[in-house]
Amino acid sequence: ELVRLGRRERMGAPDTFDFGGLLNLMTRLRSGEESIAIPLFDRSFEIARAGADIVSLRDRILIVEGNYLLLDEDPWRSLAGWFDLTVSIDVPLDELLRRLRRRWADHGKSPEAARHWIETNDLPNVRRVLDSSLPADVVV
């Protein structure tokens, strides 16, 4: 889909996510429905797998993770009231870069291709999160 939209080179940017789908899912999770299928991201295929898990009423604590959940930009800022507790993980940039290089190496990118992807895609996304997010309740 990102290729069709001409957004493949900015994969992972806020506008490449199905925000409406996320908002619909959050609404359903709060609704009291018995069982709700949820997507999980499969890094090995770089794709979200729809219906990859089920949340039921027995699940008392739900952890919703994502880089943009506290982004102070429309439409993301409308999520601010959905969470009972927000947590941000503060990772030093050097460590983040090390992890990104490792991730892309593990997925078969050459060091040059990984460096290019990190500089043109990952780091702009990181900077946007760091510069434009609402404060979390807890920073670890």
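Structure shown above.
The notes below deal with the structure included here. (Residues numbered from 1 in each chain as written. Predicted model: local features only at pLDDT ≥ 70, side-chain atom pairs only at ≥ 80, totals over all residues. Heavy atoms only, no water.)

## Examining the pairing of strand β1 (residues 35-42)
Here's step 1: Where β1 meets strand β2 (residues 47-56), 7 bridges bridge the pair, whose relative direction is antiparallel. Along β2, the bridge assignment pairs Leu-40 with Arg-49.
Here's step 2: Linking β1 back to β2 in an antiparallel pair, the connection comprises 4 residues, with Glu-46 at a positive phi of about 55 degrees. (Pairing = 2+ DSSP bridges. Helix = DSSP H or I, 4+ residues; strand = E, 2+ residues; numbered from the N terminus.)

## Re helix α2 (residues 19-31)
Here's step 1: The end-to-end C-alpha separation of α2 is 18 Å, in line with the 18 Å expected for 13 residues at 1.5 Å each.
Here's step 2: If you check which residues of α2 are buried, you get Phe-19, Leu-22, Leu-25 and Met-26. Looking down the long axis of α2, one finds its buried residues gathered within 120 degrees of arc, a one-sided arrangement.
Here's step 3: Where α2 is buried, its residues contact β1. (Expected span 1.5 Å × (residues − 1). Buried < 20%, exposed > 50% of the residue type's maximum accessible area, 1.4 Å probe, protein only. Arc of directions from axis to C-beta. Contact = heavy atoms within 4.5 Å.)

## A short note on the pattern of salt bridges
Here's step 1: For the structure on display, the rule yields 9 salt bridges.
Here's step 2: One salt bridge connects Arg-49 with Asp-42, and the closest N-O pair in it is separated by 3.5 Å.
Here's step 3: Assessed through its relative accessible area of 16%, Asp-42 is described here as buried.
Here's step 4: Between Arg-77 and Asp-72 there is a salt bridge, with its nearest N and O atoms 2.9 Å apart.
Here's step 5: Accessibility expressed as a relative area gives 35% for Arg-77, which makes it partly exposed. (Salt bridge = Lys/Arg side-chain N within 4 Å of Asp/Glu carboxyl O.)

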